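Below, each chain spelled out in residue letters.
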Amino acid sequence: MSNLDKALAYAAANQEANLNELIDLLRIPSVSTQPERAKDVQAAAHQVVHILTQAGLENVRLIPTPLHPLVYGDWLHAGPDKPTLLIYGHYDVQPAEPFDAWESPPFEPTIRDNYLYARGSSDDKGQTHLNIKAVEAYLKGAGTLPLNVKFIIEGEEEIGGPSLEQFIPANQSLLQADVALVSDTAMVSSSQPSLVYGLRGLYAFFLDVTGPDHDLHSGAYGGAVNNPINALAHIISQLKDGEGKVLIPGFYDRVRPLSDEERGLLAQYPRDDARVQKETGAPQIWGEAKFTLNERMGARPTLDVNGIIGGYTEVGTKNIIPSTVHAKLSIRLVPDQDPGEIAHLVQQYIQQIAPPSVKVQISSRGGAPASITDFSIPAMQAARQALAHVFGREPILMREGGSIPVVGAFQEHLGMETILMGFGLPDDRIHSPNERFYLPNYTRGTETVIRFLAAYGG
Ligand code: BES
Ligand code: MN
Ligand code: MN
């Protein structure tokens, strides 16, 4: 029996135990953005340390940071002529609110119809876990690995990864590898795998608009004092036109034009308006007319208001001019837009359009550049082979509209490319109530990673 077959057999024999271990990890509400959950985030990190240790990895440790811990582990005995693979994942999750929209509680993992429902099941505890289990299957099943492996697993991905961003340049030799592997994206469908070669970047900011220093009677003062919510709406209305083109001067200056070749590649993703309408429940599909749906969803920058807090929102009416309003906004970036430069353009433009009748304060909430992976590298070939074997179809190369900040940081500080080989599905409802992971993909994902290790290690 080959080592590969031994690893596959080990994974097959341990499926149920693996799933139970994942379920235990999903019980921990490791919501990185909620300060009151910091203890839970810490507990999840300890759980990951335990899982890596049990898997047979060495030098496993929890690395404290100013915020949430990193977890590291490695196995480096394949020899210097074998490649080194850095596997990244994140154990933090998005907030689960609103809780009452969940059919089963977000932190009580439940299996229904071949899906595992829980916050983090797909993004990203489930996908991180199957990578660990693939490595474990080799170590325990075959007693060795066909390459050197390092793990770095973070607890701040959902808040932009500030600690890891600092950690990478300061710990280059610890993390140095030939390539990184990340399972934190989705396939096209359960029968069509994908490899993601592009991610959008992000720039997030808050807008605080203040008018009078206390709420006013809207009859007594209406017409004399500007209303901060109206003023905010007016500002927001000048950020984009009706079809979604961003109106901030200079915003598109550095956007790398799409070549005909790339437009051809993007067109291969079989996705149309009807499908996205079904996925989202939106009454109509919308966006820049000059770009296709796939281009708009992965290769064009966007701007969105994520939330507005302000005014009277309780039951009944209240005739006021509120004193303040707060908005949370985010911009998705594409190559070669620079988050710092975009921050500056946003600041300049908003200060310019803000009326003097209100005070407008902009506070940056961090950013990450977009990334494009060179898909001619050998690891990409190994990933294609592994996916094609398990799913019976060649993966599609695609760009993803979401962001994974570490990918750009690996490129910048370690000169390292990342293979984005994800096993989520577009209807996993990540970041939403009723997040789920398609259980057959947990098993197939484990097998794919095992085959990837074999193909890349040689
Ligand atoms: N796993 C997602 C990225 C993603 C989104 C991949 C959609 C595939 C499809 C990741 O956990 C995520 O949500 N990232 C954040 C990053 C941000 C906080 C910097 C995002 O995209 O909003
Ligand atoms: Mn994720
Ligand atoms: Mn996420």
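Residues numbered from 1 in each chain as written. Chains lettered and ligands numbered in written order. Predicted model: local features only at pLDDT ≥ 70, side-chain atom pairs only at ≥ 80, totals over all residues. Heavy atoms only, no water.

A few points about the packing of helix H3 (residues 38-54) against helix H4 (residues 125-141)
- Orientation of H3 relative to H4, taken along the N-to-C sense of each, is 25°, at an axis distance of 9 Å. Judged on the interaxial angle alone, H4 and H3 are roughly parallel. Residues Ile51, Leu52 and Gln54 of H3 pack against His129, Ile132, Lys133, Glu136 and Lys140 of H4.
- Its residues assigned to classes, the contact of H3 with H4 shows 3 nonpolar, 2 polar and 3 charged. (Axes fitted to C-alpha atoms, helices over the stretch in contact; angles between N-to-C directions. Helix = DSSP H or I, 4+ residues; strand = E, 2+ residues; numbered from the N terminus. Parallel < 35°, antiparallel > 145°, perpendicular 65-115°, else oblique. Contact = heavy atoms within 4.5 Å. Nonpolar A, V, L, I, M, F, W, Y, C, P; charged D, E, K, R; others polar.)

A few points about the sheet that holds strand S9 (residues 201-210)
- The antiparallel open sheet is built from 4 strands, whose spatial order is S11-S13-S9-S14. Among the strands making up the open sheet, the edge pair consists of strand S11 (302-310) and strand S14 (359-368). Across the sheet, the mean angle from the axis of one strand to that of its neighbour is 15°, orientation sign disregarded.
- With 10 bridges joining them, S9 and strand S13 (residues 324-333) adopt antiparallel strand pairing. Among the inter-strand pairings, Phe206 is bridged to a residue of S13, identified as Lys328. (Pairing = 2+ DSSP bridges.)

Observations concerning the nonpolar core
- Among the nonpolar cores identified, the biggest contains 75 residues, and Ile419, Met421 and Phe452 are the most heavily contacted of them.
- Beyond its immediate stretch of four places on either side in the chain, Met421 contacts Leu181, Val182, Ser183, Thr185, Leu195, Ala383, Leu387, Thr448, Val449 and Phe452.
- Counting 32 residues, the second largest nonpolar core, distinct from the first, contains Val246, Leu329, Leu345 and Ile353. (Core = buried A, V, L, I, M, F, W, Y, C linked by side-chain atoms within 4.5 Å. Buried < 20%, exposed > 50% of the residue type's maximum accessible area, 1.4 Å probe, protein only.)

Focus: the coordination of the manganese ion (ligand 2)
- Taken together, the protein donors to the manganese ion (ligand 2) comprise His90 (NE2), Asp123 (OD), Asp184 (OD) and Asp184 (OD), at separations of 2.0 to 2.4 Å.
- Around the manganese ion (ligand 2), the 6 donor atoms sit at angles spanning 57 to 167°, and that spread fits a shape best called irregular.
- In terms of primary sequence, the donors binding the manganese ion (ligand 2) are separated according to H-x32-D-x60-D.
- In this model, the manganese ion (ligand 2) sits 3.6 Å from the manganese ion (ligand 3), the two metals being bridged by Asp123. (Donors = N, O, S within 2.8 Å, 3.2 Å for Na, K, Ca; no water. Tetrahedral: all angles 85-135°; square planar, octahedral: opposite > 155°, others 65-115°.)

Description of the sheet that holds strand S5 (residues 115-117)
- Reading across the sheet, the 3 strands line up as S4-S5-S18 and stay open at both edges, with antiparallel pairing between neighbours. With partners counted over all chains shown, the strands left at the sheet margins are strand S4 (110-112) and strand S18 (436-438), one partner each. Direction aside, the axes of adjacent strands within the sheet are offset by 25° on average.
- Looking at chain direction, S4 and S5 are connected through 3 bridges and run antiparallel. Within S5, the position partnered with Ile111 by the bridge is Leu116.
- Along the sheet face, helix H15 (residues 439-457) touches S4, S5 and S18 and points at about 60° away from the line of S18.

Examining the domain arrangement of the protein
- According to the domain assignment, the protein contains domain 1 (3-199 + 370-457) and domain 2 (201-255 + 301-368).
- When each unit is reduced to the centre of its C-alpha atoms, the spacing between domain 1 and domain 2 is 36 Å.
- Taken together, the contacts link 9 residues of domain 1 with 8 residues of domain 2.
- Of the roughly 570 Å² buried where domain 1 meets domain 2, counting both sides, 55% is carbon and sulfur surface.
- Taken as a group, Ala370, Arg399 and Ser403 account for 64% of the area that domain 1 buries against domain 2, more than any other trio of residues on that side.
- Summed over the shared surface of domain 1 and domain 2, the result is 0 salt bridges.
- At the junction of domain 1 and domain 2, the tally comes to 2 residue pairs in polar contact (both at pLDDT 80 or more). (Domains from an automatic or database assignment. Buried area = accessible area lost by both parts, 1.4 Å probe. Salt bridge = Lys/Arg side-chain N within 4 Å of Asp/Glu carboxyl O. Polar contact = N/O pair within 3.5 Å; in protein donor to acceptor, adjacent residues only side chain to side chain.)

Considerations on the coordination of the manganese ion (ligand 3)
- Distances from the manganese ion (ligand 3) to its protein donors, Asp123 (OD), Glu158 (OE), Glu158 (OE) and His431 (NE2), fall at 2.0 to 2.5 Å.
- Its 6 donor atoms give the manganese ion (ligand 3) angles of 55 to 153° at the centre, a pattern that matches the irregular case.
- Site description for the manganese ion (ligand 3): donor spacing in sequence, D-x34-E-x272-H.
- Judged by relative accessible area, His431 falls into the partly exposed class, the value being 41%.

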